[in-house]
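Coordinate inspection notes
Each chain, letter by letter, is given below.
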Amino acid sequence: MALLLHAGADRNSGYFDPTWLDQSNFTPVLDALPREAILDVVNTSFATDVDGFRRLVAEAPAVPLLDKYLFNPLMVRPFIRRKDGRLIAPVPQLISRRMSPLEWYYAGIRKWGTDFAIDLGYLFEDYVGRQFATVPDASVEPEIEYHRGKDRMDTTDWFIVFDDAVLLVEAKAGILPAAGRAGDDSLTTMMTRTVGKAIKQINRTHALIKFGAPEVAHIPNDRPILAMVATLDPWYMANSFLGREVLPTCDVPVTVCSARDIELLVSIGQRTPVGPILTEVLADSDRSTWSLGIALKPYRLTDDRNPLLDQAWKQYPFN
């Protein structure tokens, strides 16, 4: 849907006119997506009128002294409906952003509350494991439950075993709120609560492997151990000097990376082992502080493909 709206607006100076659906060239579109479904999605998720836009502005959370980072209502409703019924997108690039994980998260929270966030966390954890399962030289082992006394505990979500390294992966679907992205005082609190918790989980799991706990006896202990905190959306400062200052010290080399970074890493891994790449990046005092996606640029080829993304695209009705 976002692709349809974006293409229409991009080719028509930002406009999308719902009456275009009556044109014969839209027949193949309507064969795949009923008119009622298209208009319902437009009205409930993409468009508002001027008064609705003003309400969104008034409801936006304040970011004191950082006004340029305020919530932009066009990210939630990228189209403004004119009196003649046409839709205008002041920033067409935000149409596709409406379908980003960040916007899904907030839309789900508004409709279903914290239950949505919990379910999303499980789905994201599963998605990360499925991504690594497509890497030819990787063996993917799931989380392990263990007990210490009366306490029930869990390891990291995934163990990714390569020939030359073991990667401990902890997935966190929590989103960094607008104020935190702007860099206010809540950033360190949110980073500690989400990424910091993941690092503690990694350290506990690493200790199990290091000291030969029977629960993880099947995980190799004869090669370098690396770690990854997988986040749904980018946490841009987590690998930087700020992250090093506020987060717990990780006992193994670690990177905090988004789902998009993992998709990129996995696409590279279809043609070459990624264990040595991660080892090299995380051993570099400079590159280890970058976002993983940036650090991976020298290893990319233009024809790298991600199997899961290709599979999803083939299911799209307009493929």
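Please read all numbers here as calculations on a predicted model, not as lab measurements.

Let's shift gears to the overall build of the protein. Assigned secondary structure in the protein consists of 14 helices and 11 strands. With respect to the three principal axes, the spread of C-alpha positions in the protein is 70 × 45 × 40 Å. For the protein, the proportion of its 319 residues judged to be buried stands at 46%. Summarising the internal contacts of the protein: among those between residues at least 6 apart in sequence, 68% fall at separations of at least 24. Surface exposure of the protein reaches about 16900 Å², of which carbon and sulfur atoms provide 54%. Taken together, the 34 basic and 41 acidic charged side chains of the protein have centroids lying 5 Å from each other.

Another aspect to go through is the sheet that holds strand S3 (residues 79–81). Two orientations exist for strands paired in a sheet by backbone hydrogen bonds: parallel and antiparallel. What the four strands build is an open sheet, ordered S1-S4-S3-S2; its pairing is mixed. What marks the edges here is a single partner per strand, and that holds for strand S1 (15–16) and strand S2 (47–48). Summarising the sheet, S1 and strand S4 (residues 87–88) pair through two bridges and their orientation is antiparallel. Considered in S4, the bridge of tyrosine 15 is made with isoleucine 88.

Okay, a nonpolar patch on the surface next. Side chains of Tyr236, Met237 and Phe241 sit close together on the surface and give an oily, nonpolar patch of about 380 Å² of accessible area. Along the chain, phenylalanine 241 turns up in helix H10 (residues 241–246). Classification of phenylalanine 241 by relative accessible area gives exposed; the value is 57%.

The next subject is the confidence of the model for the protein. Residues with a pLDDT of 70 or more make up 97% of the protein, whose mean pLDDT is 91. Looking across the protein, the model is least confident in helix H8 (residues 178–181), with a mean pLDDT of 70, and most confident in strand S8 (residues 158–161), with 98.

Here we come to the nonpolar core. Within the largest apolar cluster, 38 residues are counted, with the highest numbers of intra-cluster contacts made by Val128, Phe132, Leu167, Val169 and Met228. Going through the elements one at a time, helix H6 (101–112), helix H7 (114–133), S8, strand S9 (166–172), strand S10 (225–231), helix H11 (259–269), helix H12 (275–283) and helix H13 (292–295) are the ones with two or more residues in this core. Leaving out residues up to four positions away in the same chain, valine 128 has contacts with Trp158, Val169, Ala171, Ala230 and Ile262. Counting 30 residues, the second largest nonpolar core, distinct from the first, contains Leu176, Ala213, Val252 and Val254.

Examined bridge by bridge, strand S6 (residues 145–148) and strand S7 (residues 151–154) share four bridges and lie antiparallel to one another. Counterpart to arginine 148 in the pairing with S7 is aspartate 151. Hairpin connection of S6 to S7: two residues between the antiparallel strands, including glycine 149 at a positive phi of 70°.

Another point: the packing of aromatic side chains. Under the counting rule described, the total for this entry stands at three aromatic pairs. Taken together, a centroid distance of 5.2 Å and an interplanar angle of 65° make the contact between phenylalanine 16 and tryptophan 20 edge-to-face. Look at tryptophan 112 and phenylalanine 116: their rings are 5.9 Å apart centre to centre, the planes differ by 20°, and that puts the pair in the stacked class. Over the ring of tyrosine 15 we find arginine 86, and its NZ or CZ is 4.2 Å from the ring centre.

One non-glycine residue, serine 13, adopts positive backbone phi at about 55°. Position of serine 13 among the secondary structure elements: in the loop between helix H1 (2–10) and S1.

We now examine the side chain of glutamate 170. Residue position: glutamate 170 is located in strand S9. Taking the relative accessible area as the measure of exposure, glutamate 170 reaches 5% and is therefore buried. Other than its neighbours up to four places away in sequence, glutamate 170 contacts Thr155, Thr156, Asp157, Ala198, Gln201, Ile202, Met228, Val229 and Ala230.

A separate point is the layout of surface pockets. In this structure, the second largest pocket occupies an estimated 590 Å³ of space. If you go around the second largest pocket, you meet 22 residues; those closest to its centre are Gly121, Ala171, Lys172, Ala173 and Lys197. Only H6, H7, S9 and helix H9 (186–210) provide two or more residues apiece to the lining of the second largest pocket. If one sorts the elements of the lining of the second largest pocket by residue count, H7 sits on top with six residues. Counted by class, the lining of the second largest pocket contains nine nonpolar, five polar and eight charged residues.

Scoring rules and cut-offs
- Residues numbered from 1 in each chain as written.
- Predicted model: local features only at pLDDT ≥ 70, side-chain atom pairs only at ≥ 80, totals over all residues.
- Heavy atoms only, no water.
- Helix = DSSP H or I, 4+ residues; strand = E, 2+ residues; numbered from the N terminus.
- Buried < 20%, exposed > 50% of the residue type's maximum accessible area, 1.4 Å probe, protein only.
- Contact = heavy atoms within 4.5 Å.
- Areas by Shrake-Rupley, 256 points an atom, 1.4 Å probe, with all protein chains shown as cover.
- Lys, Arg positive; Asp, Glu negative; His and termini not counted.
- Charge placed at Lys NZ, Arg CZ, Asp CG, Glu CD.
- Pairing = 2+ DSSP bridges.
- Patch = residues over 30% accessible without salt bridge, like charges linked within 9 Å, V, L, I, M, F, W, Y side chains within 5 Å.
- Salt bridge = Lys/Arg side-chain N within 4 Å of Asp/Glu carboxyl O.
- pLDDT = per-residue confidence, 0-100.
- Core = buried A, V, L, I, M, F, W, Y, C linked by side-chain atoms within 4.5 Å.
- Phe/Tyr/Trp six-rings, centres within 6.5 Å; stacked < 30°, edge-to-face > 60°.
- Lys NZ or Arg CZ within 6 Å of the ring centre and 35° of its normal.
- 1 Å grid on protein atoms, 1.4 Å probe; cavity = no way out; pocket = protein on both sides within 12 Å on 5 of 7 lines; lining within 4 Å.
- Points joined across faces, edges and corners; volume = space filled by probe spheres on them.
- Nonpolar A, V, L, I, M, F, W, Y, C, P; charged D, E, K, R; others polar.

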